Amino acid sequence: MKIVVIGGTGLIGSKTVSRLRALGHEVIAASPASGVNTITGEGLAEVMTGTDVVIDLANSPSFEDKAVMEFFETSGRNLLEAERAAGVKHHIALSVVGTSRLRDSGYMRAKAAQEYLIRTSGIPYTIVHSTQFFEFLGGIVKAAGESASIRITSALIQPIASDDVADAMTKVAIGDPRNRIVEIGGPEQFSMAGLVENYLEKTNDNRTVLTDDEAPYFGAILEKDSLIPGPDAHLGKIDFETWFATQPVKV
């Protein structure tokens, strides 16, 4: 098959591209650097010629409410229009577990808008809802601020390694469209505050974690299970300790 991976040079994209190529598929890692721009529409018609499957892994460069909504709506419309014209048989998008539950978050509202465009496009699709990546832990810490004590919710989190995400995206890409959402997550659940505290200790960061269930997570207050997948989710194999052992140690 010919498979176009939008955002194919990013964290998940590069790993998914390499897996699909190893299986013998023709895979295009599409990005603005390769002349494919989903915001301006540049290169979309050309790259879609003869394409069977599109995997959309593009992410907004800004999480500001207005900017992120404009990104996902513009990118989604341009991409889906090019796919319809080319007769693409399967559109796959990576989204987030809890999208519909966190409408106070501008990012989640934008992802919900992207998903609506997909569902109403008429193109066979699969939307993959993933839990947070282990690689995103640093971003959670950064978002909590730079003070000596950071406030983190005790809501549950079930993070997944990027390698497990890439494996799941590969499996979806070579399968039939589901025309629904499928969920993936990591093998372990943690309190977010507890996991962040463990991460800080392992990275030699002496800041203190204060558990605060009113602390926002990218604009939204979390319920205990807001970020937890359902019982039918596909779970990855890589646990936190195994993942961290492969990471460069911060001093």
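Residues numbered from 1 in each chain as written. Predicted model: local features only at pLDDT ≥ 70, side-chain atom pairs only at ≥ 80, totals over all residues. Heavy atoms only, no water.

A. Highlighting the side chain of Ser130. When you line up the elements, Ser130 lands in strand S5 (residues 125–130). Those residues in contact with Ser130 that sit more than four places away from it in its chain are Leu94, Ser95, Val96, Val97, Ile160, Val165 and Ile184. (Helix = DSSP H or I, 4+ residues; strand = E, 2+ residues; numbered from the N terminus. Contact = heavy atoms within 4.5 Å.)

B. Expanded view of the packing of helix H3 (residues 65–86) against helix H4 (residues 106–119). Two numbers describe how H3 lies on H4: the axes approach to 8 Å, and their chain directions differ by 15°. Here H4 runs roughly parallel to H3, going by the angle between their axes. Taken as a pair, H3 and H4 cross one another with a handedness that is right-handed. In this structure, H3 uses Asp65, Val68, Met69, Phe72, Glu73, Gly76, Arg77 and Leu80 to contact H4, whose residues at the interface are Gly106, Tyr107, Arg109, Ala110, Lys111, Ala113, Gln114, Leu117 and Ile118. Looking at the contact of H3 with H4, its residues break down into 9 nonpolar, 3 polar and 5 charged. (Axes fitted to C-alpha atoms, helices over the stretch in contact; angles between N-to-C directions. Parallel < 35°, antiparallel > 145°, perpendicular 65-115°, else oblique. Left-handed = near helix turned anticlockwise from the far one by under 90°. Nonpolar A, V, L, I, M, F, W, Y, C, P; charged D, E, K, R; others polar.)

C. The arrangement of the sheet that holds strand S11 (residues 234–235) in detail. Pairing is parallel in the open sheet, where 7 strands are placed in the order S2-S1-S3-S4-S5-S8-S11. At either margin of the open sheet sits one strand with a lone partner, and together these are strand S2 (26–30) and S11. Looking at chain direction, strand S3 (residues 53–56) and strand S4 (residues 90–96) are connected through 4 bridges and run parallel. Paired with Val53 across the bridge in S4 is His90. Strands in contact with H4 are S3, S4, S5 and strand S8 (181–185); relative to S4, the strand with the most contacts, it is inclined by about 165°. Its contacts with the sheet put helix H6 (residues 162–173) on S3, S4, S5 and S8, and the angle it makes with S4 is roughly 155°. (Pairing = 2+ DSSP bridges.)

D. Inspection of the pattern of salt bridges at higher detail. Counted under the stated rule, the structure contains 9 salt bridges. Two residues, Asp163 and Arg19, come together in a salt bridge whose shortest N-O distance is 3.3 Å. You can see Asp163 sitting in helix H6 and its partner Arg19 sitting in helix H1 (residues 11–22), a full 144 residues away along the chain. Overall, Asp163 belongs to the partly exposed group, its relative accessible area being 30%. A salt bridge links Asp167 to Arg19, with the nearest nitrogen and oxygen atoms 2.6 Å apart. Taken together, the residues Asp167 in helix H6 and Arg19 in helix H1 connect sequence positions 148 residues apart. Look at Arg19 and you get partly exposed, because its relative accessible area is 22%. Beyond isolated ion pairs, a larger network of salt bridges with shared partners links Lys15, Arg19, Asp163 and Asp167. (Salt bridge = Lys/Arg side-chain N within 4 Å of Asp/Glu carboxyl O. Buried < 20%, exposed > 50% of the residue type's maximum accessible area, 1.4 Å probe, protein only.)

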